[in-house]
Each structure stands twice: as structure tokens, then as C-alpha cells.
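Listed below, chain by chain, are the residues.
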Amino acid sequence: MLAVFRKIGYQQFILVVCAVPCLWFLAVVRFSHWVKRVDHPTNRNLSSSTGHLRVAIVEEHHEVLQYWFEAAEEGLIPKEGNTLVHIDAHSDLAPAVLIEGFPKFKWPTKKQVKYMMQENDNFIQVAATTRFLKRLIWIVPTWLKKLEGQPGKSQEIDSTAENERKINSLLKSSFILHYGHFQGHSKKEGFGKQMCFCREENDSEVCLAMNRENDQPSDEMEYNPLIEIKKCTKVGSFPVDVWDENTALKRIQNGRIEEDEHIIVDIDEDYWGVESPYEALVKYSITQKQIDLLGDHLSFLLCPKNSQQERMADRLVRDLISVIQKGCQSSSNVHCHRKKKIDASMETGTNNVLSLYLRNQKNLFCDVKKSDILKFPSLWNATVRFLARFSFKQLEILKKTGFCMTHSWKTFNSTPEFQCCVGLNPPNSPILSYHTPTVLEITSSLWQVKSIISQINHIKPVSLATVARSIRDGYTPRKYLRYIESGITEIFRGLDPLAHIIFDEGLLQLL
């Protein structure tokens, strides 16, 4: 310390010490004005983006496929040979399920794209099998790299299957990913033709195939144990580079992206952190069983059929909770109503909510058969009584968490149900790496990502970018959602002030 004083002097030393926090403060201020600039969902008038960068923001990551293939059909990007720069905390390299209607290793028709939108972690391989992609650059966040080697914290990240976790633990460098099909002949392997993929690196190779009990994608899909390499009939391949932010900047500067490459930038907002909405509920002593039971109540009552109705159903439940809260003590942790029969004032208030929405939004409610019409009031009252067993503070955190469908309607063969919007993974899930970021961390990383994308755009102007919000699946830190998304859109507006930013109609409302 004395050596520093002697070298630069006391006044200069004080200036240096003060400058660092000031620079951080200016960085936060620079990015904080973005928060006010998050737009609402817009219609998909794609023609208005002709000649300018097109950015599509979707809710679930596999929903980007429709924008990729539409852009290719319009000539905005090539139909073959694109390079995907994938900025994400997850590899999303799971294989697809071969089902009837799926385009088997060829360019899809518009109708076939819906068969490709199966899960939020397999859309990259789905696109690659059509020759749409020839290269993947996966940029991993700094926080995920720091978790490597810490027991119990670095399981990455795409499936409940042990074999996939083992494969993902190897995704730390460049490798070749081969894709093809595999014929299963046993219950363990699965029956019939399936997708398989093989990872090749340093003269070693391992192969996996998708095992399923039927021909439809489902939440129960799991990978097989490793299969023999010769059993996977390879159809194509593409190289995968795995870089962190600093490595990406160096590699791009050193020419690892060439001028003739057609770049698609793809960002998941959970790149800046992964949290479980369950954690906030657990802090208020709300159990997973209670959340599941609440989901049962809501799914019997409310059956929204599109995104607009989903947002309205969310508002209905919040309104209902607000009425129930009027009979609670805001500072108390005691149940709002312990009696089996709710009191007259609460019954009147909650019935008014029901009458209002039945009159103006009756399509929100599940179809009630004539034989069940007398049961409907009892279903409503049962939901009211269940909610009334929570305390004021618990109801407040439920409102903050919100309510949504379990899956997007665009997900092929999905049967979404309306529930508390807690995502796909229960508390303390061993299959995810969780990280809660700070504002400074997000700001610093946004600057890094901005530099990466700007360098890429300098080599070859980017025509198409996609962004996944990842709120429905419960990954992106909701506290910083507006901040993150505003920063991303500002990055793209910096590339092209006239960039056409599309907010998909299926986006959940910002909480």
C-alpha cells in the first residue's frame, strides 16, 4: 500500500479508489433506463422488418422454430448452413422424438413445423436435422463456469436422466455432434425408429437414443443408457463450440467466425440466472403439496383456450385472492379463515368476482355438462375455502407468483392445465444449476454480451435474432426480468435502430 502511495501520490490514489464504484454506478444507470422500454406483445407483421434486423421474443424456447423457418422461407436467412450463436445457461441439445408427421431429415412444410415444437430443450437438434444449421456456438454464462467442480452444483441441465447429466458434464469444449436414427428392439431401448445422437471428441465417441413408451412426446421422456455407436445410423453432423464470454471475445477476434457464415443469434433470458419460483413460496411455508392441490382446484374451474384468456384467468385468480385478503390481518401469519363455512361478507365478495367473470369472460371457465351444472358452485366455493386457509402474506406471494398454463398451446400434443405459475422443476431439483444474480453482475454480463454480438455483427450483419423469456418453465429470475429483457432489446436496437422487435402473442405478462 505504501508503495502505491509513493508511486502515484495520495490524491491520485484517492481518485482511483473513487473511480471504480463510480464507473459501476454509471454502468447501472446506463442500463437501468432500459427497464421502462419493455414493449407489450405485438402482432406478427413480419413484412415490416424487410431490410432490417428482426428480433422475435417468445415465452418457451422451442417456439423460436416458427420464426426461424418463416424467416428462411421469406429469404431473410438461408434455408441451409446457418450458424447459431446460442447464449444460454442450457445446451438445449436433447434429441427430438420421431413421430408421424415429423419431417425426417428434410426441409419442413409450414404444417410440419408444429410437429417439431416438442420440448424446450430439443429445438436445436430438430433444426439441425433439416440442414438448417451447420454449426453451433454455445456461449455459457460465467456463473455456470464457476460452478464447475463444486459437488452437487454443476449438473447441467437438460433432463432427469442420469446419462444425459453425464453427457452434459462433458460439454466443456469443442466437439462434433452427429445425429441420425436408431432402431430399438427392446423395452429398455424402446421399440421402433428413434432419434439418436453421438458426441465425438478427441478420437472418442458416445451415442444416445431417445427412449419412449409411445410415439408422442411427454414429460416422461428419458434417454437410454448409452447405445453402441454402430446402432446409430448417422444422417448428418455439425460442430459445437462451447465458449464462455471472455473466450468468445478472443475467438471472434481471432477469426473463429468467418465472413461467409450466416449468423442467427439466440438468447435465453435465464443466461443471467436460474431460479425456482418454488423457493419464494417455501420461504412463506407453502408446501409443494399445497401448490399441487391449488392446481387441482384451478384446473377444474378454469380452462383458458388461448393466451389472451390465460392472462384474463390469471387476473381472475388475483382478484379472487384480493377479495379473500380483505378478511385477513395483513401482519398475521394465521389462516385467513379457519371455519368450514366462509362468512357472509367473504362469500358475497367472492361470488361477485364469479358473477363478473361469468358475465364478461365465461369462456375462461371449463365446459360444464348439464349433469354437472349444480356442482359448479361447489367447485368455486371449495376453491375459495382452500385459498382462505392461507395467511395474508402467503396469499400475497401467490399473487406475486401468478397463475398460468403448464405448457404453451404451440407445444405439439400438449394438454396444458391452469395452475400456480411455478414452472417445471420442484424445490431443490438436482437436475439444475441455480444462481441468483446481482444487478452489477447482470449489468457486467450485458456489456459482455453486447460486445460479443457487436463483434459478430461487424463481421457479418445479423438478420435474425430470437429471445426466450423462460418464465413459464420457471427459470429466469423474475425480479430482474424487465431489466434483463430491456437490456437485450437495447443491444439489438444498437445494431439497428429500426430493428423490428416482435413480442410473440404467447408471452406471459410481465409480473
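Each remark here, short or long, concerns the structure printed above.
Residues numbered from 1 in each chain as written. Predicted model: local features only at pLDDT ≥ 70, side-chain atom pairs only at ≥ 80, totals over all residues. Heavy atoms only, no water.

A. Inspection of the overall build of the protein chain at higher detail. Within the protein chain, the regular secondary structure consists of 16 helices and 13 strands. Every one of the 511 residues in the protein chain was classed for burial, and the buried ones make up 53%. Partitioning the contacts of the protein chain with sequence separation of at least 6, the portion at a separation of at least 24 is 79%. (Helix = DSSP H or I, 4+ residues; strand = E, 2+ residues; numbered from the N terminus. Buried < 20%, exposed > 50% of the residue type's maximum accessible area, 1.4 Å probe, protein only. Contact = heavy atoms within 4.5 Å.)

B. Layout of the packing of helix α15 (residues 439-459) against helix α16 (residues 481-495). Direction vectors running N to C along α15 and α16 enclose 25°, while the axes themselves pass 10 Å from each other. Classed by the angle they form, the pair α15 and α16 counts as roughly parallel. In terms of crossing hand, the pair formed by α15 and α16 is right-handed. Of α16, the residues touching α15 (which contributes Val439, Ile442, Thr443, Leu446, Val449, Lys450, Ile453, Ser454 and Asn457) are Tyr483, Ile484, Gly487, Ile488, Ile491, Phe492 and Leu495. Classifying every residue of the contact of α15 with α16 gives eleven nonpolar, four polar and one charged. (Axes fitted to C-alpha atoms, helices over the stretch in contact; angles between N-to-C directions. Parallel < 35°, antiparallel > 145°, perpendicular 65-115°, else oblique. Left-handed = near helix turned anticlockwise from the far one by under 90°. Nonpolar A, V, L, I, M, F, W, Y, C, P; charged D, E, K, R; others polar.)

C. Structural view of the nonpolar core. Membership of the largest hydrophobic core comes to 46 residues, with the highest contact counts inside it found for Leu65, Trp68, Phe132 and Phe238. A total of seven residues in this core trace back to one element, the largest contributor, which is helix α3 (residues 64-74). Beyond its immediate stretch of four places on either side in the chain, Leu65 contacts Val113, Met116, Met117, Phe123, Val126 and Ala127. Counting 41 residues, the second largest nonpolar core, distinct from the first, contains Ile324, Met346, Leu354 and Phe386. (Core = buried A, V, L, I, M, F, W, Y, C linked by side-chain atoms within 4.5 Å.)

D. Spatial organisation of the side chain of Gln309. Here Gln309 is to be found in helix α11 (residues 307-325). Gln309 sits in the buried class, given a relative accessible area of 14%. Ignoring any residue separated from it by four or fewer positions in sequence, one finds Gln309 in contact with Cys303, Pro304, Asn363 and Leu364.

E. Summary view of the state of the cysteines. Tallied over the entire structure, the rule returns four disulfides. Covalently, Cys196 is tied to Cys232 through a disulfide, its sulfur atoms 2.0 Å apart. With the S-S dihedral at roughly 90°, the linkage between Cys196 and Cys232 falls on the right-handed side. Within this pair, whereas Cys196 is found in strand β5 (residues 190-201), its partner Cys232 is found in strand β8 (residues 232-243), the two being separated by 36 residues in sequence. The class of Cys196 is buried, set by a relative accessible area of 0%. A relative accessible area of 5% means that Cys232 is categorised as buried. Linked covalently through their sulfurs, Cys404 and Cys421 form a disulfide whose S-S length is 2.1 Å. On the S-S bond that ties Cys404 to Cys421, the torsion sits near 90°, and the link is right-handed. Linking Cys404 in strand β10 (residues 403-405) with Cys421 in the loop between β11 (418-420) and α15, this pair joins segments that are 17 residues apart in sequence. The exposure class of Cys404 is buried, given its relative accessible area of 2%. Assessed through its relative accessible area of 4%, Cys421 is described here as buried. Take Cys420: it sits in no disulfide, and the sulfur closest to it among the cysteines is that of Cys421, at 7.3 Å. (Disulfide = S-S within 2.5 Å.)

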